[in-house]
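Residues per chain are reported as follows:
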Amino acid sequence: MPALSLPQIPHYKAAPPTTADLDYADLATIDLSKTDSVEGRAMLASQNDRIFDIADVPFSGVGEEEKRLYSEIDTENTGWFQAYKLKKFWHVDAGVRDQHEYLNIDRHVDKQGHPEALRPLLPEIREFSRFNHYNVLYPILRLIALSLELPEDALVNIHKCNNLGEAFIRFMKYYPRSAEDEEKTKNVWFKGHTDSGTITFLWSQPVAALQILGADGKWRWVRHVENALVVNAGEAMDFLTGGYYKGTIHRVVQPPPDQREHTRLCVFYFLMADGDVRLIPFRDSPVLQREGIIPRCDDSIAPTMLDWRRDRANAYGRADLKPGQENGVEEETIQGLTVKHYN
């Protein structure tokens, strides 16, 4: 990110890390930084603080009227929120509406309009997007390709992400809820789900609320690690690898007692395959041939990435969910395929 003459903005003061004794998930750690010096690590830490300061500007520095000017949804073509998803837009459960808002920014920041307070920060946001895409995403995609014994750039080649909404930053802010809403929703803020794309990055932050569902059917907390990212596989990766890399089932719940009065500010980078990519398995992968391919559907009816993300986005939080066959699971149908939500 640029280091000279940065616009002055308020500092976002995050909650201290929780001291609660939580059942944390045991997650593998991959070090992509290749940073050997104390000075280098200090620089990364300062940039991490800066992006969370920037992330709070669209919420604390923009009025409700201006937010509404940037809250249109392209339901017909992409399912893309033109910028803001405002609070109370989605139904959570039992008549309770959500208490979070977010701002989407395409990786090509000039493809959309921006609220006035954010405009001086666009050069930094552009650099942050470029860093996520080329310094984090591409190395991870190459690792996945090599793990499947595919050519190193097999996945990179379908993630150019030059069209609106194929790769984007999301700044998101959760607000404390009433005791009544917590009781009605059993403390769930965001139902268990898998993301529609291939990969999602969440820059780690201290408020404990994210949980993942393990193979044993138990929800476990994701531990905060300074200057780290949580990497989730999404549904498109499940499609492309024939179930070898399954979508991460995750949810957001009420934080532990020592953090409940704090807001939860999040920074994401969402990745989709290019819109015209048909979501069929890499059948030429020697690994998938040996391990077995479990396709989500017949190749002849597999959706494109654009069709899948559009229909998933248009339905989320607005579709009527039906009870599934599994306990605590609700279902909807997208492109003729079952999508599960975990409560």
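Going by the structure above, here's the rest.
**Q** I'm lost on the overall build of the protein chain in this one. Help?
**A** In terms of helices and strands, the protein chain carries seven helices and 17 strands. Radius of gyration (C-alpha) of the protein chain: 20 Å, near the 20 Å computed for a compact globule of 343 residues. Taking the principal axes of its C-alpha atoms as reference, the protein chain extends roughly 55 × 50 × 45 Å. The burial tally for the protein chain puts 52% of its 343 residues in the buried class. About 16,400 Å² of surface is accessible on the protein chain, with carbon and sulfur atoms providing 50% of the total. Averaging the coordinates of the 40 positive side-chain charges in the protein chain and doing the same for the 51 negative ones gives two points 2 Å apart.

**Q** What am I meant to see in the side chain of K67 here?
**A** Tracing the backbone through its elements, the reader meets K67 in helix α2 (residues 64–69). A distance of 3.1 Å separates polar atoms of two side chains, one belonging to K67 and the other to E101. Aside from chain neighbours lying at most four places away, what touches K67 is P58, F59, V62, Y84, L86 and E101.

**Q** Got a minute to help me understand the sheet that holds strand β3 (residues 84–85) in this structure?
**A** Paired through their backbone hydrogen bonds, the strands of a sheet run either parallel or antiparallel. Reading across the sheet, the six strands line up as β3-β6-β7-β14-β9-β12 and stay open at both edges, with antiparallel pairing between neighbours. Two strands bound the open sheet, and with one partner strand each, they are β3 and β12 (229–233). Of the strand pairs in this sheet, β3 and strand β6 (residues 100–106) are connected by two bridges, and their pairing is antiparallel. Note on β6: the bridge partner recorded for Y84 is L103.

**Q** Help me out: how do you make sense of the nonpolar core in this one?
**A** Where a protein is soluble and globular, its nonpolar side chains tend to be buried together. I125 and F171 are the most contacted members of the largest nonpolar core, which totals 84 residues. Here the element with the most residues in this core is helix α3 (residues 122–147); it accounts for ten residues. With near-sequence residues (within four places) excluded, I125 lies in contact with I54, I105, V109, L118, I169 and F171. Within the second largest apolar cluster, six residues are counted, among which are L22, Y24, A208 and W221.

**Q** For this particular structure, what's the right way to read the side chain of Q211?
**A** Tracing the backbone through its elements, the reader meets Q211 in strand β10 (residues 210–213). On the accessibility criterion, Q211 (6% relative accessible area) is buried. A polar contact is formed between the side chain of Q211 and the side chain of R251, at a distance of 2.8 Å. What Q211 contacts, discounting residues up to four positions off in sequence, is W219, R220, W221, I249, H250, R251 and V253.

**Q** Any chance you could explain α3 here in plain terms?
**A** Note that an α-helix has 3.6 residues per turn; residues three or four places apart therefore point the same way. The terminal C-alpha atoms of α3 lie 36 Å apart, and with 26 residues this matches the ideal 38 Å at 1.5 Å per residue to within 8%. Where α3 bends most, at L137, the angle is about 35°, and the proline P139 comes one to four residues later. Just downstream of α3, E149 is the residue with a positive phi angle, here 60°.

**Q** Please clarify how the pairing of strand β7 (residues 167–174) should be interpreted in this entry.
**A** Strand residues, when the strand is regular, have side chains that alternate between the two faces of the sheet. β7 sits mainly inside the fold: eight of its eight residues count as buried. Every second residue of β7 is oriented toward a common face, with A167, I169, F171 and K173 on one face and F168, R170, M172 and Y174 on the other, all of them buried. Direction of pairing for β6 relative to β7: antiparallel, over a ladder of seven bridges. Its bridge partner lying in β7, D106 is registered against F168.

**Q** Sorry if this is basic, but what is going on with the packing of aromatic side chains here?
**A** Given two aromatic rings, one states the distance between the centres and the angle between the planes to describe the pair. Evaluated as defined, the whole model comprises 13 aromatic pairs. With 5.4 Å between their ring centres and 35° between their planes, F190 and Y316 make a pair best called tilted. Of this pair, F190 sits in strand β8 (residues 188–193) while Y316 is found in the loop between α7 (305–315) and β15 (322–323), placing the two residues 126 residues apart along the sequence. Note on accessibility: F190 and Y316 belong to one class, buried. Here the aromatic cluster, defined as three or more aromatic residues joined through ring pairs, consists of W90, Y102, F190 and Y316.

**Q** Would you explain the environment of I51 in this entry?
**A** By secondary structure assignment, the location of I51 is in helix α1 (residues 38–60). Remark: the alpha-carbon pair of I51 and W203, spanning 152 residues in sequence, is separated by 9.7 Å.

**Q** It is not clear to me how the environment of I144 should be interpreted in this structure. Could you clarify?
**A** With respect to the helices and strands, I144 occurs in helix α3. Once the C-alpha coordinates of I144 and A154 are considered, the two residues, ten residues apart in sequence, prove to be 9.4 Å apart. Once residues within four sequence positions are removed from consideration, I144 is found in contact with L155, I199, M237 and Y245.

**Q** I keep staring at unusual backbone geometry and nothing clicks. Help me out?
**A** Of all residues except glycine, most have a negative phi; of all peptide bonds, most are trans. A positive phi angle, close to 55°, is found at A94, a residue other than glycine. Relative to the elements of secondary structure, A94 occurs in the loop between β4 (91–93) and β5 (96–97). Residue A94 is classed as partly exposed on the basis of its relative accessible area of 46%. For N187, which is not a glycine, the phi torsion comes out positive at approximately 70°. Of note, N187 is situated in the loop between α4 (179–184) and β8. The class of N187 is partly exposed, set by a relative accessible area of 33%.

Thresholds applied
Residues numbered from 1 in each chain as written. Predicted model: local features only at pLDDT ≥ 70, side-chain atom pairs only at ≥ 80, totals over all residues. Heavy atoms only, no water. Helix = DSSP H or I, 4+ residues; strand = E, 2+ residues; numbered from the N terminus. Rg over C-alpha atoms; globule rule 2.2 N^0.38 Å. Buried < 20%, exposed > 50% of the residue type's maximum accessible area, 1.4 Å probe, protein only. Areas by Shrake-Rupley, 256 points an atom, 1.4 Å probe, with all protein chains shown as cover. Lys, Arg positive; Asp, Glu negative; His and termini not counted. Charge placed at Lys NZ, Arg CZ, Asp CG, Glu CD. Polar contact = N/O pair within 3.5 Å; in protein donor to acceptor, adjacent residues only side chain to side chain. Contact = heavy atoms within 4.5 Å. Pairing = 2+ DSSP bridges. Core = buried A, V, L, I, M, F, W, Y, C linked by side-chain atoms within 4.5 Å. Expected span 1.5 Å × (residues − 1). Bend = angle between axes of the 7 residues up to and from the residue. Phe/Tyr/Trp six-rings, centres within 6.5 Å; stacked < 30°, edge-to-face > 60°.

Without other data, these values stay purely geometric and don't point to any function.
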